[in-house]
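Structural overview
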Amino acid sequence: MTAANIGILALAALVIGQLGKRRELALLGVSVFVVYWLQPPQGFVSLVYWMPTATIALTVICWLLISTPEVRGWKQNLPAVLVIVGVMLVVDLNQYFGFEKIYMTSTPRLWMFALAITAFAFIALLLVKLPRPSFIFGAAFTAIIFLFIYLKTPYFVNSTFAWINSLRGGEVENTRVMFSWLGFSYIAFRLMHTLRDHQVDRLPVLTLSEYVNYVIFFPSFTAGPIDRAERFVKELRVPAALAEQDWAEALTRLFVGLFKKFVLADALALIALNDVLIEQVSSPAWMWIFLYAYSLRIFFDFSGYTDIAIGLARIMGIRLPENFTSPYLKPNLTQFWNSWHMTLTQWFRAYFFNPITRALRTKNVPVPLIILLTQVSTMLVIGLWHGVTWGFALWGIWHGLGLFIQNRWTEFVRGRIKSPLHPQGQLLLTASGIFLTFNFVSLGWLFFTLSTPALALQALAKLFNL
Amino acid sequence: MNPWRVLLKAFALYALVNLAFAYFQPSMGNFSVYNWLVQGRERMPYEREIEYYPVSHTIPVYEDMDAMFSSHIVSQPKQADEYRVMLVGDSSTWAFGVTPQENLTGQLNALKLKACDGRRIVFYNVAFPLPYVAKDVLIMQKAREYEPDMFLWLVTLDAFRNRTIYTDYFLSPYAEEVLSLVDDYQLKNLDTKDVRVSSFWEQTLIGQRSRLKKIILLQLHGLPWAATGLDYYYRDWDPLSQDQSDSLDSDFGNPDEVNFDETLFEVLRAGKGAVGEDPLLLVNEPIFVASGSNSDIRYNDFYPRWIYDDYRAYLETQARVDGIPYLDLWDVVPAAEFTDSPFHRSPAGEKLLANLITPSILNLTCSK
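Below is a short write-up of the structure. (Residues numbered from 1 in each chain as written. Chains lettered and ligands numbered in written order. Predicted model: local features only at pLDDT ≥ 70, side-chain atom pairs only at ≥ 80, totals over all residues. Heavy atoms only, no water.)

**Remarks on the overall build of chain A**
- What chain A contains, in helices and strands, is 20 helices and zero strands.
- Overall, the C-alpha framework of chain A stretches about 70 × 50 × 50 Å when taken along its three principal axes.
- Out of the 466 residues belonging to chain A, those deemed buried represent 48%.
- Within chain A, contacts between residues at least 6 apart in sequence are counted, and of these 75% link residues at least 24 apart.
- Here chain A has roughly 22100 Å² of accessible surface; of this, 69% comes from carbon and sulfur atoms. (Helix = DSSP H or I, 4+ residues; strand = E, 2+ residues; numbered from the N terminus. Buried < 20%, exposed > 50% of the residue type's maximum accessible area, 1.4 Å probe, protein only. Contact = heavy atoms within 4.5 Å. Areas by Shrake-Rupley, 256 points an atom, 1.4 Å probe, with all protein chains shown as cover.)

Okay, here's the thing in structure tokens:
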């Protein structure tokens, strides 16, 4: 998102926040529009329209799966249907009005739009009318995982697009870099959360408008936080009038986020460690400076976006969960992961770490081995969530092993330190912990940011002058 | 709290800061991390392709000569025993594809020359890679703030061409200086119809945002520059062809159209004026001389023989008329020592040129 995008969205948020009861539908319309508006260019031009459409379609299908007949009534959901289809139609009509600079370069012919809507309506009818076997939620959950793996694996995506491209006579020059499904990483997590929670009867009843708003809520659509549906919908249902303090907090958060992203992060990007600098720099001291610059850059960039999302949501009277709480000032890795991209780690804790731990405990596996397996596998999956590459896998394993070692060290020390430390000793211990944790995390970023593990190893050798 | 009121206050504050900036016009380019936090650059910040800025650790800031000069080692205090020579010119003097140690400036410094009065001669490369003499004069004017003792001005025919794109690119940000030059030296041919002094609104923070952004980015590029010592992305290049086309056309037009009196040779006298009392040595820089087919018609891709031969004669006359010491070194560098263009030389070519210029420089040091 550019600063201009955010400025426009902030104005939209200001207006939506003033709408009282009509806030929900206005928010829905803007969110659907933003899904189209922010979709980046694609190798195949038509995908600029169809990928956002797929986002909306997937969301509505999931709602049809989790909704009960009582909540699916036309009367209740017709306004939402009209808003969603209306926005999609307006975007499609772009071709007749020439608003290319506003949202996109290419939209399908009207008959194609009509055909797509009709086909979707037919699928929706089948989902509603046909009996629903119990495995359908698990199947949908698995399908989203497979879709996720497919999209995050460069080999699969590149092969598919190269194949399609060859069928179309090599229309696109470089399909490798020209495909992205904006926001899918986050949407997938929200969809899986609702499917799973519906299965275990933890999900509240959600109307179409509430559900779509939750999944594609425009402030958090592209970069989180990953809220929980039951928390989000409570905020949505009570259009709270903002008090003076709320306004101050919302605007402060928004401007702090803009400053972090567009001043600090973008400036640090110029000196953050990258593939080129690894080759060009030989001094270990400079390598450390550039590595720290990367660590700060990724923090300011990501937490800046979170601040912007929280600020925008707050302007509309909706509180989003926190995603970062000074992670680089934490004295150990566990606390770091409790304060870095918190909503992601909470999601994995709920839907991956805890179930696996419970499963292993029932099988009499030794505790240290359970900890090793669960920590490494959880962090590995978190790594692969960013993309199925060796670099992300190694980054995940690095953190998994780090968490395991820290866990064992804590156990080891706990049994040996009998009396509380002197305050100065405690301070020194905390400072050392912060220093070690920050450096451990920074070294881990090498696997995350550099294009190959070989480059990461080269960087490690230069950092330690080996 | 009323959000609209907050926005209104923020807008009012922003407007106030903008107006104050336009009124006081602080010279932001003088705030620099170079020469104190990191070492100064040995050439003016420049990279021709935007995607290579992060690789060459630089960004051109031609809109702000203060920023250009403050990032350069020339802005370090002058030593008592130092005799400063500024090299002005285009991409061949800036030296594409050649390191600062290997280029003409570096080769001259390696000779460790002494001026007539015994001072160490230190050469500074203040060239900016555009073949455009009007830009050179502006740089010479600015360079006088950095205590020069002599100027070495390397030119080629292409630099005397009037080009509107260069007017926008390099002259417009210095409208007052350019218009003053036109008045002072009665420059009739320099195209200044689009050159205008910026309005008050263009001087606000909003109006200056692009320039300010570049100045900030230049400072940030200082760290990787200091870490790597790289200020250029050294690209692969194809050797020049010895074979030439049979076209007689030049960028100045065909033989019937060319009249050097209507080109920028008049700028030479402005250059002479810009350096004041300091000695100025004008050098017609070496070009690639092809020896393959049609080399009897053209020297290279840029110059057919007819115009280049005329140019040499005209430049020599003009230099004499303007009282500028002149050195014509057009063919002293062998064809094998040119790299990716008929003007860009290899390190060996640079060394050869340095040795050939040295006697004239030493002579001139005795003139002041």
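Once you've had a look at it, read on.
**Re the nonpolar core**
- One finds A:Phe189, A:Leu446 and B:Trp153 to be the most contacted residues of the largest nonpolar core, which totals 214 residues.
- Among the elements that line this core, the one with the most residues is helix H14 (residues 284-315) of chain A, at 18 residues.
- Residues contacting A:Phe189, with those up to four places away along its chain left out, are A:Phe148, A:Ile226, A:Leu344, A:Trp347, A:Phe348 and A:Trp385.
- In this structure, B:Tyr83, B:Ala115, B:Val283 and B:Ala354 belong to the second largest nonpolar core, which totals 21 residues. (Core = buried A, V, L, I, M, F, W, Y, C linked by side-chain atoms within 4.5 Å.)

**Some points on the packing of helix H7 (residues 136-152) of chain A against helix H8 (residues 154-167) of chain A**
Residue and element names in this part refer to chain A.
- Two elements in contact, H7 and H8, have axes separated by 5 Å at closest approach and are oriented at 80 degrees. By the angle between their directions, the pair H7 and H8 is classed as roughly perpendicular. Contact residues: H7 offers Ile149, Tyr150, Leu151 and Lys152, while H8 offers Pro154, Phe156, Val157 and Thr160.
- Its residues assigned to classes, the contact of H7 with H8 shows six nonpolar, one polar and one charged. (Axes fitted to C-alpha atoms, helices over the stretch in contact; angles between N-to-C directions. Parallel < 35°, antiparallel > 145°, perpendicular 65-115°, else oblique. Nonpolar A, V, L, I, M, F, W, Y, C, P; charged D, E, K, R; others polar.)

**Section: the interface of chain B and chain A**
- Counting from both sides, the interface comprises 16 residues of chain B and, opposite them, 15 residues of chain A.
- Across the chain B/chain A interface, buried area totals approximately 1600 Å², and carbon plus sulfur atoms make up 82% of it.
- Here chain B and chain A share zero salt bridges between them.
- Linking chain B to chain A there are two residue pairs in polar contact (both at pLDDT 80 or more).
- Those elements that provide at least two residues to the side of chain B that touches chain A are helix H1 (3-24) and helix H9 (209-228) of chain B.
- The element contributing the most residues to the side of chain B that touches chain A is H9(B), with eight residues.
- Broken down by class, the residue content of the side of chain B that touches chain A amounts to 13 nonpolar, three polar and no charged. (Buried area = accessible area lost by both parts, 1.4 Å probe. Salt bridge = Lys/Arg side-chain N within 4 Å of Asp/Glu carboxyl O. Polar contact = N/O pair within 3.5 Å; in protein donor to acceptor, adjacent residues only side chain to side chain.)

**What about the pattern of salt bridges?**
- All told, the structure shown has 37 salt bridges over all chains when counted by the stated rule.
- Measuring nitrogen to oxygen at the nearest pair gives 2.8 Å for the salt bridge that ties A:Arg414 to A:Glu411. Note that A:Arg414 and A:Glu411 are positioned in helix H18 (residues 390-414) at a spacing of three residues, about one turn of the helix.
- Note that B:Asp231 is salt-bridged to B:Arg43, the shortest N-O span being 2.9 Å. With a gap of 188 residues between them, B:Asp231 in the loop between H9 and helix H10 (267-274) and B:Arg43 in the loop between H1 and helix H2 (53-56) connect regions that are remote in the sequence.
- A relative accessible area of 0% means that B:Arg43 is categorised as buried.
- Through salt bridges with shared partners, a single network forms among A:Asp197, A:Arg202, A:Arg228 and A:Glu230.

**Digging into a nonpolar patch on the surface**
Residue and element names in this part refer to chain A.
- On the surface, Ile145, Phe146, Ile149, Tyr155, Phe156 and Val388 cluster together into a nonpolar patch covering about 570 Å² of accessible area.
- When contributions to the nonpolar patch are tallied by element, the ones reaching two or more residues are H7 and H8.
- Sorting elements by how many residues they give to the nonpolar patch places H7 first, with three residues.
- Mapping Tyr155 onto the fold places it in helix H8.
- Using a relative accessible area of 61% as the deciding quantity, one classes Tyr155 as exposed. (Patch = residues over 30% accessible without salt bridge, like charges linked within 9 Å, V, L, I, M, F, W, Y side chains within 5 Å.)

**Here's the deal with the pairing of strand E1 (residues 82-88) of chain B**
Residue and element names in this part refer to chain B.
- Across the seven residues that make up E1, a large majority, seven, are buried.
- Because side chains alternate across E1, one face comprises the buried residues Glu82, Arg84, Met86 and Val88, and the other comprises Tyr83, Val85 and Leu87, equally buried.
- Looking at chain direction, E1 and strand E2 (residues 120-125) are connected through six bridges and run parallel. Looking across to E2, one finds that Leu87 is bridged to Asn125.
- Of the strand pairs in this sheet, E1 and strand E3 (residues 150-155) are connected by four bridges, and their pairing is parallel. The partner of Val88 across the bridge, within E3, is Trp153. (Pairing = 2+ DSSP bridges.)

What is shown is where atoms sit, not what they do.
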